[in-house]
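# Descriptive structure summary
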Amino acid sequence: MIKYKRSLIALSVGAALTVSGWKYLDSDSSKPEFKKESVSEKIWKDDKAVMAKFIDELMAKMTLEEKIGQLNLLTSGWDKTGPTMSDDYQEQIKEGKVGAIFNAFTADYTRDLQKLAVEETRLGIPLLFGYDVIHGHRTIFPISLGEAASWDLDAIQDASRIAATEAAAEGIHWTFAPMVDIARDPRWGRVSEGSGEDVFLSTEIARARVNGFQGDDLGALDTVLACAKHYAAYGQAQAGRDYHTTNMSTRELWDTYLPPFEAAVEEGAASFMTSFNELNGVPATGSKYLLDDILKQRWGFEGFVVTDYTAINEMVPHGFAADLKHAGELAINAGVDMDMQGSVYSDNLLELVEEEKVRISQIDNAVRRILEMKYRLGLFEDPYRYSDTDRQEREIYKHAHMEAARDVARKSFVLLKNQNSILPLSEGQSVALIGPLADSKQDMIGSWSAAGDRWEKPVTLLEGLKARFGDSVDINYAKGASYEFDATDTAGFAEAIEAAKKSDVIVMAMGEKWNMTGEAASRVDLNFPGTQSALMKELKKLGKPMVLVLMSGRPMTITWADENVDAILHTWYAGTQGGHAIADVLYGDYNPSGKLPVTFPRHVGQVPIYYNMKNTGRPFDPNGEEQKYRSRYLNESNAPLYPFGYGLSYTEFSYSDLALNSQILNPGSSVTASINVTNNGEHAGEEVVQLYIQDKVGSVTRPVRELKGFQKIHLEQGERKTVEFTISAEDLAFHDIDMNLAAEAGEFNVFIGGSSEANNTGTFQLSENVQFRRANPND
Ligand code: BGC
C-alpha cells in the first residue's frame, strides 16, 4: 500500500536498539541520521565526477558578477504573472546578468533568447527557461484539484508527463509545478491549484506529478525540471486571504504541511519555490529553518531553491528586512539560490560580498546547484536542444494528448447527488442547457492554463452535446444568468425559462468564473456569484427535472441546490476537452468515479472544515442528552454538506466483512485489513476504496481518523472483489510530544469504505512504541 516510504523503512530496519520500551535509533552522531537513496541515482543519470569537473572548471572562469547573473530569473515580455516586469531583460541577458527566463516559450522564441546568452556573453552559459505548466501546457487537463478528485495516480502522472512533453517541445526546461500546498480554507483561491486538504492523498499526488514531469531520466528530451511549491505552509493563509500570515505549531507543520514537500525531495524534484507568506513570524523566503535546516541539511535536497515572484523584495513590507539590500542578505544566507523577478541579487550581492555580509561560498553553492541542473538537462552539450520547431509541430495538441485530457476529465468529475437515478440522461429527452458556463470557452480551462488556447480549442458543454447528437436531440440553450459578482440584471431569465419550458430536462452549467480561483482570488463567501441562484430558483418553479453541472475551483456552499435539484455533477474546470467529457458522463458513456479531495461546507462560517479534525473534549453527539455545552454551532450543524472522499456512481457499491488478519501489530511486521466490495447496481463502475485509521490515545491528541491508503477498483455489474490494505507501524507515525517521528503503542481503529465517513470498523493494537526519526533541536 505505502509504495514510497523508503526513508522510513530504512530507519525502522537496521539501526534500532530497544531502551525502556522504545525502539531507539543508533545514536552514533558521526553518521547522518538516516540515509536517503540518492535522488541522483534515480533520475539524474549524470556521472557525478565528470559533472563536478566540468562545473569546477567553468566556475573557475566565472567572475563574481557572472556568478550572480546565474542567480537572476527574469520574466520575458510575453506574459506577466506578478506585479512587475523588466523591459530590458534582453539587454540583461546579453550582459551576462541573467541565468534563467520565465514566461517565454515556443521553439523560435526560446532559441532567439538562448542565442543572446550563448553567443553574446563571455562564457556562453545557456539560459534555463521556466514556465507555469501546471495542468497541461497546450493541451489542458482539468485543474489540479480536479485531477486530484480522480484519485487515479497513474492518470495524474500521465497528465504531467504529457504536459512535460508539450512544454519541452516548446523550449521549456522547467515547470513551476507541482503545487503541493495542503489547503483547508476554500476562501483561498489557490485551493484550486493543489490536491486538497489531505496529507496522504496530496503526498501521493506530489510523487506522481514530480515523476510525471521529470520522467525517469532528466537528460531525455521530453522531461522538464519540477518545482515543488510553495514552500511552506502557504495554504493556511489567515482568513483565506492570499499572501496573508501563517501561524501554526511546529507539529502541525511537520505532520500536515511538510510531508508532500519531503516526498517531492524523495522523488528527485529538481527545484523548490519559496512561498510568499511568513510562517510564525519569519517570511518563508528568509527562513533558514525551512530552506537550510530542513530542506538542504535534513532532507538532503540537491536541487536549487527559487523564490516566488519578487518574494525577496516583499520581506521589506513584511517588516523583516530594512531595505532590499538587507532582504537579499537574509535570502541568500537563508538558502535561496535564485531570485525570481526581484533583481535584488543582481543589484546587491556584489556589495554584500564586499562588505563581508555574504560569503562567496554561499554564492558558489547557489551557482553550482543551478549549473548542475543545466548540465543534467544537457544544455552545455546543446543549448538549443529543447528549441526544435519540428518537435514542436509534432507534439503540440497531439490526438493522443487530447484523448488523455478527455479521459482524465471524465475521471475527475464527482457525482454529488443523483436522486431517482435521473442521470445518466436518456438520449430521447430534449434538453434546456442554461447558465453562464454552458458555452464559455475561456472558462473551460480554468486558471494557470499556461500556453493553453482559451478562445478556440476548448470544447464547451454546448459544443460537446452538439458534437454528440448533431440535430438528433433538441438542445435549447440560453445563458440566462451572469456569474459576475456585481450582476443584478435578470433580463436573460425569460429566455432561459422559455428554453426550459420546451424541454424535458434542465441542465444548468453554473458555478464560478475561471478567474475567481487561483492566485489573488480569495472570496468571503462560497455562494454562486451573480444572478445564478436567482435563476435556479425561478427554474425550479417549472417543476421539471433539474441537473446542475457545477464548475468551480473550490468547494462552494450549495445547500439550496442540494435540497432542490435532482442531480449535481461537479466538473471543476475540465480542460480543453471538457465539453466532450461532461457529455460522456451525462449520457453514461463513462460512469463517474471521482471523490472529493476537499470537504464541502454547508456554510462558510464552518471554515476551516476538514475530515481529520480533532475530537475536542466536548464533541457534539446528535443523540446525546446534553446539547448546549457541546462543540457546535447554534444555527448550523457541524457536519459538512459533502465529506472528504465522497462521490457517487451510477451503480451502487456495498461493503461487507471487514477483517484484520491479526489484532496485534508488532514493529517490523504488518496487519492486513481486508473488505469485500460488491457492485449491486446496474452498471459497471469504479470505486475508490479508502482506508482510515484512528489512533485512540496519543502523547498528543490525534485526529478522529486519517486516510492511510486507497485503491481505485473496477467492478462489473454484480461483481465482488476483496480489497486488502497492509498496515505497518510507519503508517501510524506522527510527531509525538517530543517531536520525534514515532508510532505509539496502543489501540487503533480501522475504517474502510467509500468516503471519510466509512463505517466498517475493526481494531488492532500496536504492541510497542516505534521511533522512526529523532527531533531536530529546532523542531
Ligand atoms: C505564483 C507562483 C508562480 C509564479 C510565476 C507567482 O505569482 O505565486 O505560483 O509560479 O508567480 O509565474
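Everything discussed here concerns the structure shown above.
From a predicted model like this one, the values you see are computed outputs, not experimental measurements.

What counts and how
Counting restarts for each chain: residues are numbered from 1 in the order of the written sequence. Under the rules for a predicted model, residues below a pLDDT of 70 receive no local features and side-chain atom pairs below 80 are neither given nor counted, while totals for whole chains, interfaces and linings still include all residues. Side-chain descriptors were evaluated using all non-hydrogen atoms of the structure, hydrogens and water having been removed beforehand. Centres within 6.5 Å make a pair out of two Phe, Tyr or Trp rings, where for Trp the six-membered ring is used; the pair is then stacked when the planes are under 30 degrees apart, edge-to-face when over 60, and tilted otherwise. Helix and strand assignments follow DSSP, with helices taken as H or I runs no shorter than four residues and strands as E runs no shorter than two, numbered in order from the N terminus. Remark: exposure states derive from per-residue accessible area (1.4 Å probe, protein chains only) relative to the maximum for the residue type, with buried under 20%, exposed over 50%, and partly exposed in between. As a reminder, the over-ring test applies to NZ of lysine and CZ of arginine, requiring each to be within 6 Å of the ring centre and within 35 degrees of the ring normal. Whenever a carboxyl oxygen of Asp or Glu lies within 4 Å of a side-chain nitrogen of Lys or Arg, that contact is scored as a salt bridge. Only heavy atoms are used to decide nearness, and a residue is near a molecule or strand if one of them lies within 4 Å of it. Counting of polar contacts relies on pairs of N or O atoms within 3.5 Å, with two restrictions inside protein: one atom must be capable of donating a hydrogen and the other of accepting it, and residues adjacent in sequence are counted only when both atoms are side-chain atoms. A 1.4 Å probe and the Shrake-Rupley method give the accessible areas. Residues count as covered only by the protein chains that appear here. Three residue categories are used. Nonpolar comprises Ala, Val, Leu, Ile, Met, Phe, Trp, Tyr, Cys and Pro, charged comprises Asp, Glu, Lys and Arg, and polar comprises the others, including Gly. Contacts: residue pairs with any heavy atoms within 4.5 Å of one another.

So, on to the packing of aromatic side chains. For the structure on display, the rule yields 27 aromatic pairs. Taken together, a centroid distance of 5.3 Å and an interplanar angle of 90° make the contact between Trp78 and Phe105 edge-to-face. Here Trp78, found in the loop between strand S3 (72-75) and helix H5 (89-94), pairs with Phe105, found in the loop between strand S4 (100-102) and helix H6 (107-120); they are 27 residues apart in sequence, far enough to count as distant. The class of Trp78 is partly exposed, set by a relative accessible area of 44%. Within the aromatic cluster, the residues linked to one another by ring pairs are Trp151, Phe200, Tyr611, Phe644, Tyr692 and Phe710. One Lys or Arg, Arg184, reaches over the ring of Tyr610 and ends 4.1 Å from the middle of that ring. The side chain of Arg702 reaches across the aromatic face of Phe734, ending 3.8 Å from its centre.

The next thing to look at is the pattern of salt bridges. Per the stated rule, a full pass over the model turns up 44 salt bridges. Close ionic contact of Glu512 with Arg554 constitutes a salt bridge, the shortest N to O distance being 2.5 Å. With Glu512 in the loop between strand S16 (505-511) and helix H21 (532-540) and Arg554 in the loop between strand S17 (546-551) and helix H22 (559-564), this pair connects stretches of sequence that are 42 residues apart. Neither Glu512 nor Arg554 differs from the other in exposure class; each is buried. Each member of the salt-bridge network shares a partner with another, and the members are Asp152, Arg406, Asp407, Arg410, Lys411, Glu427, Arg468, Asp584 and Asp589.

What follows is about the site of the ligand. Taken together, 14 residues are adjacent to the ligand, and Thr81, Asp132, Arg190, His230 and Asp308 come closest. With respect to the ligand, the side chain of Asp132 contributes an N or O atom lying 2.5 Å from an oxygen atom. In this structure, Lys229 approaches the ligand through a side-chain N or O atom, which is 2.8 Å from an oxygen atom. Within the complex, the protein chains bury 100% of what would otherwise be the 310 Å² of accessible surface of the ligand. For the shell around the ligand, the per-class residue count stands at 7 nonpolar, 2 polar and 5 charged.

Attention now goes to the side chain of Gln532. Here Gln532 is to be found in helix H21. With a relative accessible area of 0%, Gln532 lands in the buried category. Not counting the four nearest positions on each side in its chain, Gln532 is found in contact with Pro436, Ala481, Ser482, Tyr483, Met510 and Gly511.

Limitation: the analysis is restricted to geometry and does not speak to function.
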